Each structure stands twice: as C-alpha cells, then as structure tokens.
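# Chain and residue survey
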Amino acid sequence: MLIAIDAMGGDLGPRPAIIGSAEAASDDPDLVLRLFGPAELLEDEISRLPRQLAAVASRLQVSDAPGMVWQSQRPSEALRHGADTSMARMLGCIADGDAEAGVSAGNTGALMALARRALGTVAGIPRPAISTAIPTRDGGRCYLLDLGANVEVSAARLIDFALMGEVMSRHVDGLEAPRVALLNVGVEGTKGTGSVREADAWLRQHPGIAYLGYVEGDGIFSGAADVVVCDGFVGNAVLKASEGLARLLVGRVQATFEAHWGSRLVGLLARPALRRLKGELDPVRYNGASMLGLAGIVIKSHGSADAMGFRFAVQRAVNEVSRDLPSRLAAELDHRRSSVDSAAVGRVESGSRPEGPILPGATGIDDSQQAQR
C-alpha cells in the first residue's frame, strides 16, 4: 500500500511528518510512503531518523516538490499558483492512481479546494465534509461532522453529512446501525435554525437510518450517538473547545498531584491510572480527519501535530484504504439519493407539499437557485 504525504504542510516543518510516517511504516511492513517536498531537505531529514527507524528509510520515497502552500494562503491563490507545491503534487499522485490515499497537515481551505479539483466527488456530493472521531464516556467514539469545510450549510448539505457519516461509521467501525443525530441548542422540535429543522424532518422519514433526533453539546461525549451532524462553524468550535478542555483537565490533574510531597506520593501510586487517563483524553490519539465525499481518500492532520499525531493520521488513511471507503460511499449514496429524488419528485407531481427538503437534483434546482427564490 502506498500513501502520499505532504511533508511540508505542518506548522513544525517536515520533521514530524517524516518521523510519523516512518513510525507508521515500522508498524506496517506492507506500507510505503511517498513524501512530497524539497528533495534535498527531505533526504536530509530521512538521513537523521532515529536509529530504531533507520530500517524503514528504504520505504520512504522522496518526490521533489519545490513549492509549498502557506497556512495564510487563500484557497483561490493555491488553485492558481500551487501546481508545484507539495500539497498539489501529493494530491496529483492520488489522482494518477499511484497512491491509494494522501495525508496533509497543511492549509485546510487550500487542501479542500485542491482536492476537489484533483479528485472530484462521489455520488454528486457538491461539498465534501471534514469528520473526526471524538472519545465518548463509554469508551467508544462519536464521529462529528462538518468540522470547518462548510461554514454555512443548507438542509440538503446536513442530510448529505448524515448519510456520509452513517456509511463511514458502519464500514470503518463495523457498527450495524450507527445512531445519527443533529446537533442543536435543545432537543425540542421547535428549536434550531430553519435548515436544521428541515433536515430533521427528512431524516425522521428515512427508514434506512437510525436517526435519534436532536442532541445538545454534551450528547457528543456521552455516547448517546455514533454520528453527530452540524455545520462547519459549530463543528470546528466544538472540536477546538473539546481539545482545549482535554488538555486543561490533564494539566490540572498533573499539577494537583505535584503540588506538595503528600500529593506527589499519591501521584506515584496513581501513575498508571493517570497515564491511562491522559492517553484516553489526549487529542493526539484522534488526530486525522477524513475529508468525506471526495472520490479519493485524503486525511487532514492538525497543523501543529507532532510525530505521534501524524502517525495516527497515516494510520487512519491506511484504515480507510482497507475499507475502500470512497467506493462504499459512492455505491450507497447513489442508491439513497436516487430513492430520495424519486420520493421528492412524486410528492411534487402529486401536488402535495414536501414534508422534508428536496435534495438538489430532485427538481433541477440547486442550492443557489433555492436561495434566490
């Protein structure tokens, strides 16, 4: 299996991406990583790998890409002038069929724009969504989407996200009937924006989804749902807040045990439990967000990820390749969208008012036209 790596996208330079890639290769003897960036710089970093990783250097291929997409760069500028960047060439490697997936810690907006152009989308999905796993109280995980790719969304986009999240949870985690919910400011049916209420009305009528209705923010972490759907503005805020809170809690617990000699003694006895708690809450373990809806596998790593975090992102890419996620999304979303379109057209022709939103394609009206009306 070959995974393409944008080695220049992270805030900390190429070293975390190279060491994280080497660690992932050490875990999987069948894994080959193709690293994109300035060849001389990458080869120098590979030559300085820790001794325990030197054996995998032969499975780290370097592909020269002299340019890079800066974190402050506009997506439109990356589209016009980014052909020689590590990000664009990484995506081109996937599009050409040389790599089965790609990983980047770079500019999210540019990555989304370049990935849509290079790979396209599946099943007529107009806007991919970013999704990652959130740890839950029962030891499981909940997929939250969107996390920033789509700041303002229509009901049709929320439905797309729900369908994609349900397929991913079923095939990646092996859940027979993932529980899906919409994030809202309350559980009452009268609350929320118009797009959230419209999406709720449609999802309640869909027999193929185990839809729970609305959940509030605490429902993400309680394990009440397996997939929670929201717009990108809310999702990004929730994700960053939860990561900050996790670090705060771990730091406060450690500081408490180190406050004086008595608590330090208790801390020594509790060290195994504290180590386990830190591992369960550490956002690094959940690094690697899926860009769902693309006709290819692209994983977005945190820009500030260290080597361990980048390793988890590569492992997520490997996991999605083994599940053939884009093909499964294409097959299931094509079928579901066809059934939705038929039902919507039938309601329109009969003269009845649709109880839920009509997805784009049902009447030939796209989102922008609906907004104008």
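Structure report, in brief. Everything numeric in this text was worked out from a predicted model, so none of it was measured.

Asp 146 follows Leu 145 through a cis peptide bond whose omega is 10°. Here Asp 324, not a glycine, exhibits a phi torsion of approximately 50°, which is positive. Following the sequence through the fold, Asp 324 ends up in the loop between helix H12 (307–323) and helix H13 (325–349). The exposure class of Asp 324 is partly exposed, given its relative accessible area of 41%.

So, on to the sheet that holds strand E8 (residues 210–215). Strand order across the open sheet formed by 11 strands is E3-E2-E1-E4-E11-E10-E5-E6-E9-E7-E8, with mixed pairing between neighbours. Of all the strands in the sheet, the pair left with one neighbour each is strand E3 (60–64) and E8. Here the strands of the sheet are splayed against their neighbours by 25° on average, with no regard to which way each runs. Pairing analysis gives five bridges linking strand E5 (residues 129–135) to strand E6 (residues 141–145), with the strands arranged antiparallel. Paired with Thr 132 across the strands is Leu 144, a residue of E6. Where helix H1 (residues 14–27) meets the sheet, its contacts fall on strand E1 (2–6), strand E2 (32–37) and E3, and the angle it forms with E2 comes to roughly 170°. Contacting strand E4 (101–104), E5, strand E10 (289–292) and strand E11 (298–300), helix H5 (residues 108–119) runs over the sheet at an angle of about 180° to E11.

We now examine the pattern of salt bridges. Applying the stated criterion to the full structure yields 11 salt bridges. Put simply, Arg 48 and Glu 45 hold a salt bridge, and the shortest N to O gap is 3.2 Å. Note that Arg 179 and Asp 226 form a salt bridge whose closest N and O atoms lie 3.0 Å from each other. Here Arg 179 is found in strand E7 (residues 179–183), whereas its partner Asp 226 is found in the loop between helix H8 (218–222) and strand E9 (227–229), with 47 residues between them in sequence. Residue classification places Arg 179 among the partly exposed residues on the basis of a relative accessible area of 30%. Here Asp 226 falls in the buried class, since its relative accessible area comes to 11%. Linked by salt bridges that have partners in common, Arg 15, Asp 44, Glu 45 and Arg 48 make up one network.

Spanning 14 residues, H1 covers 20 Å between terminal C-alpha atoms, matching the ideal 20 Å at 1.5 Å per step. Counted residue by residue, H1 has 10 buried out of 14 residues, so it is predominantly covered. Of the residues making up H1, those classed as buried are Pro 14, Pro 16, Ala 17, Ile 18, Ile 19, Gly 20, Ser 21, Ala 22, Ala 24 and Ala 25. Buried residues along H1 sit in contact with E1, E2, helix H2 (39–47), E3 and H12.

Definitions and cut-offs
- Residues numbered from 1 in each chain as written.
- Predicted model: local features only at pLDDT ≥ 70, side-chain atom pairs only at ≥ 80, totals over all residues.
- Heavy atoms only, no water.
- Helix = DSSP H or I, 4+ residues; strand = E, 2+ residues; numbered from the N terminus.
- Buried < 20%, exposed > 50% of the residue type's maximum accessible area, 1.4 Å probe, protein only.
- Pairing = 2+ DSSP bridges.
- Axes fitted to C-alpha atoms, helices over the stretch in contact; angles between N-to-C directions.
- Contact = heavy atoms within 4.5 Å.
- Salt bridge = Lys/Arg side-chain N within 4 Å of Asp/Glu carboxyl O.
- Expected span 1.5 Å × (residues − 1).

Scope: geometric values only; no functional claims are made or implied.
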